[in-house]
Each structure stands twice: as C-alpha cells, then as structure tokens.
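Coordinate inspection notes
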Amino acid sequence: MAFIHFILGGSNSGKTKFSEKLSLEISSLSGKLYFVATGVAFDKEMQIKIDLHKKNRNSSFSSIESPDLSTEIFANASENDVILIDCISVFVSNVICMEEFDETQIDNFKLAIKNSDANLVIVGQETSLGVIPDNKLSRDFLKKSGLLNQFVAEIANEVYFLTAGISRKIKG
C-alpha cells in the first residue's frame, strides 16, 4: 500500500497550495508527479477557480482531469510516483449528482487508493463543522463525504488540517 498524506480543511483554507508543496517535497527524481483534478466548471465562478489553479500549478505536475476519479493512474503508478488528488469532496459531489449514481463509484476509489503503489497526497474538505442542511441532497453529500474522509484518515499515514493557510499535523 502507498504512503498516504491526507490534507483536510475548509474552503479556501490553503489545502491546494500546501498539498502541491508537500507533493513536490516528497517526489523523487526517478518518479513522476501527477495532479488529478476533480473540478468541473458548472458555472463561470468555478471556471475562474479552475483556471487559477491551473495557472498557479507547478509545471512539474502532469495533470489529469478526472471528475469521477475513474482514472487508471492509481493502478499504473509506481512506488516512486506521487499522485496529488484535489479534491475528494468535489469527487463525491460530482458522482452523487450523476443520473447514474452508484455507491460502487466511491467504493472503487477506496479500493484504488488502498491498492496503489504510489505516494498519495489526497485533499478533502472538512464538511462537518457547519449546520445541517435543510435538503436531502446536501445531507447525502455531507454523509458520504464525511464517511469518505473518515476512511481516508483511517488508512492515511499522515493527516494535516489546514486553517487560514496554517497546517497542523493531526496524525502521523
């Protein structure tokens, strides 16, 4: 199993910047560096955010856009490679909004990261610090995202929590 770093925090807390820096620090000269992006531009604001992330991304990363995280990179990467996944919460949002949602999409991702040989840097939103939403879709998202966060935190070697750009190691 890979060495897993889990980066957790709220929106705009500095998770991406921290995770990119961490990925660059742990990458070796013999391995490859991948950035797996899950964002989908459903509106202009999200497109601007995606464009900014791409512009600021270090050119050492090979980018893979995979909103449903069905990419084969987890199985194909070697133990010297580093895969940054940004972000599993957006992945959960993407798959539960699909017409053909199936819980196996999340289960397949869990299996993929458990079986990957690569070093993984996984970014997720901490979604349990706010109010309980008044609609079923949002509550389903919080439940599925929270359970996935718990799973990743359990198997991760290190977990970091970010607030206002400041990281705190909470596991490892």
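Bear in mind that the values here come from a model prediction, so they are computed numbers and not experimental data.

Let's shift gears to the state of the cysteines. Counting across every chain of the model gives zero disulfides. Here C87 is not cross-linked by a disulfide; its sulfur's nearest cysteine counterpart is in C97, at 14 Å. Residue class for C97 comes out exposed when judged on its relative accessible area of 52%.

Side-chain pairing between opposite charges can occur once the charged atoms of the two side chains come close. Scanning the model with the defined rule gives four salt bridges in all. When the shortest N-O distance is used, the salt bridge between E65 and K54 registers 2.9 Å. A residue pair is termed long-range when its members are at least 10 positions apart, and E65 in strand 3 (residues 62–65) and K54 in helix 2 (residues 44–56) qualify at 11 residues. By relative accessible area, E65 is classed as exposed at 53%. Judged by relative accessible area, K54 falls into the partly exposed class, the value being 41%. The partner of K144 in a salt bridge is E103, and the shortest N-O contact between them spans 3.2 Å. Note that K144 is positioned in helix 6 (residues 136–155) and E103 in the loop between helix 4 (88–96) and helix 5 (104–115), a separation of 41 residues in sequence. Look at K144 and you get partly exposed, because its relative accessible area is 21%.

For helix 1 (residues 15–26), spanning 12 residues, the distance from its first C-alpha to its last is 16 Å, which sits close to the expected 16 Å at 1.5 Å a residue. All buried positions along helix 1 are accounted for by K15, T16, F18, S19, E20, L22 and S23.

Moving on to the nonpolar core. Counting residues in each nonpolar core, the largest one holds 30 residues, and the members touching the most others are I83 and I85. With sequence-adjacent residues up to four places away left out, I85 is seen in contact with V36, L69, F74, F109, I113, V121, I122 and V123.

Parameters and conventions
- Residues numbered from 1 in each chain as written.
- Predicted model: local features only at pLDDT ≥ 70, side-chain atom pairs only at ≥ 80, totals over all residues.
- Heavy atoms only, no water.
- Disulfide = S-S within 2.5 Å.
- Buried < 20%, exposed > 50% of the residue type's maximum accessible area, 1.4 Å probe, protein only.
- Salt bridge = Lys/Arg side-chain N within 4 Å of Asp/Glu carboxyl O.
- Helix = DSSP H or I, 4+ residues; strand = E, 2+ residues; numbered from the N terminus.
- Expected span 1.5 Å × (residues − 1).
- Core = buried A, V, L, I, M, F, W, Y, C linked by side-chain atoms within 4.5 Å.
- Contact = heavy atoms within 4.5 Å.

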